[in-house]
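Residue-level listing of the chains:
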Amino acid sequence: TGEYQIAQSAQEELVLELEKQSGRLSARMAGGAPLWLRAPVPCLDRPYTGLDARAGWGWFDALAQVRQLQYRPAAPSLLIGEQEAQLRQSFLLTDGQGGQGGAGELRYLLSAGRLHISMELTLAQAYAGLPRVGVELLLPQGLERLRYFGRGPEESYPDRPLAGLLQEVETTVRAEHFPIAPPSENGGHEGLRWLTLTNGQGGGLRIRCDSPLHFDAHHNAVAEYQSAQHDHELPAHGETWLHLDAAHSPIGSDLAWSTAMPEEQALRGGGYHLGFTLEPLV
């Protein structure tokens, strides 16, 4: 099959498989349904805001240095025991011309039907601004129901934390999208402790954060938001792009579309960490 089964729980609730040649990591739940369509990958980009709407505008040039970085994973290492299994995958972030902008490691620990995922990432100190520092997961169609404990239901950002109360919120992925013209960064939430994404039968996944994270969940990729000029130009998808961020940049809350952000609030190069536990809901 070209795949290597890493481990599974005694109840066969969660199975990880590693494709030998490509290094692609897949996960499936009881009955064979995929847990994700693409495993977590580092994500430093987000849709545009008033801070960086076009070249030469506000923070565009500083953030563009990070947006060009490309993810270069190395071959993963495995450690398999009787009760649990661990996969570790180091990676580089390069600028496409041989320059290195960052390095890190993704770690997966599978035990008792739960998967703990963490990322350590160090970015070059020269970066004066970062859109976000986190991971992106691509989730299957049908996981439309969203429930979380964090700041909401209104969106909130580091420079707009009080826009949402810290509470439990029930909503949908589709409702998280706000039709700004042009399509822009929206639907972020600070202070995430946990979330669930489920279908109409209650199946799906639960995520519990090691420490509070910023998150958003949308039916479009970052690049689609960046290329669309009007809301109707966003392609219609059933899949969900989920972002979990150790840190997220402010959006310029002094004005509706501010081009200015205080220097002290800018994310910069350095070390970042995030961790969360993922478990299937069946």
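Parameters and conventions
Residues numbered from 1 in each chain as written. Predicted model: local features only at pLDDT ≥ 70, side-chain atom pairs only at ≥ 80, totals over all residues. Heavy atoms only, no water. Salt bridge = Lys/Arg side-chain N within 4 Å of Asp/Glu carboxyl O. Buried < 20%, exposed > 50% of the residue type's maximum accessible area, 1.4 Å probe, protein only. Helix = DSSP H or I, 4+ residues; strand = E, 2+ residues; numbered from the N terminus. Arc of directions from axis to C-beta. Contact = heavy atoms within 4.5 Å. Phe/Tyr/Trp six-rings, centres within 6.5 Å; stacked < 30°, edge-to-face > 60°. Pairing = 2+ DSSP bridges.

Trainee: Kindly report on the pattern of salt bridges, identifying the contributing residues and their values.
Mentor: With the rule as written, the count across this model stands at 14 salt bridges. Between glutamate 105 and arginine 107 there is a salt bridge, with the nearest N and O atoms lying 2.6 Å from each other.

Trainee: Residues and numbers for helix α1 (residues 60–67), please.
Mentor: Turning to α1, its buried residues are Phe60, Ala62, Leu63, Val66 and Arg67. Projected down its long axis, α1 carries its buried residues within an arc of 165°, all on one side. Those residues of α1 that are buried lie in contact with α2 (222–227).

Trainee: Describe the packing of aromatic side chains, and please don't skip the residues or the numbers.
Mentor: Throughout the structure, instances matching the rule amount to three aromatic pairs. Measuring from centroid to centroid gives 5.4 Å for tyrosine 71 and phenylalanine 91, while their planes differ by 65°, and the two rings are edge-to-face. With tyrosine 71 in strand β5 (residues 70–73) and phenylalanine 91 in strand β7 (residues 84–94), the pair connects residues that are 20 residues apart, well separated along the chain. In this structure phenylalanine 91 comes out as buried when scored by relative accessible area, which is 3%.

Trainee: So what's going on with the pairing of β7? Residues and values would help.
Mentor: Here four bridges tie β5 to β7, and the two strands are oriented antiparallel to one another. Residue pairing across strands places arginine 72 opposite leucine 92, the latter belonging to β7. Both strand β6 (residues 77–80) and β7 contribute to a ladder of four bridges, which runs antiparallel. Residue leucine 79 lies in a different strand from β7, and its bridge partner there is glutamine 86.

Trainee: Outline the environment of leucine 244, supporting the account with residue identities and numerical values.
Mentor: Tracing the backbone through its elements, the reader meets leucine 244 in strand β15 (residues 240–248). Looking at leucine 244, the relative accessible area reads 0%, which means it is buried. Counting along the chain gives 110 residues from leucine 244 to glycine 134, while the straight-line C-alpha distance between them is 5.5 Å. Discounting chain neighbours no more than four positions away, the residues touching leucine 244 are Gly134, Val135, Leu137, Leu192, Leu195, Ile207, Leu213, His214, Phe215, Leu274 and Phe276.

Trainee: Account for unusual backbone geometry, naming residues and giving values.
Mentor: Following glycine 152, the chain continues to proline 153 via a peptide bond in cis, the omega torsion being 0°. Within the secondary structure, proline 153 is located in the loop between β11 (145–152) and β12 (165–172). Cis geometry marks the peptide bond from alanine 181 to proline 182, where omega comes out at -5°. Mapped onto the fold, proline 182 is located in the loop between β12 and β13 (189–198). Phi angles above zero are rare outside glycine, and alanine 112 is one such case at about 55°. Topologically, alanine 112 is positioned in the loop between β8 (100–111) and β9 (114–123).

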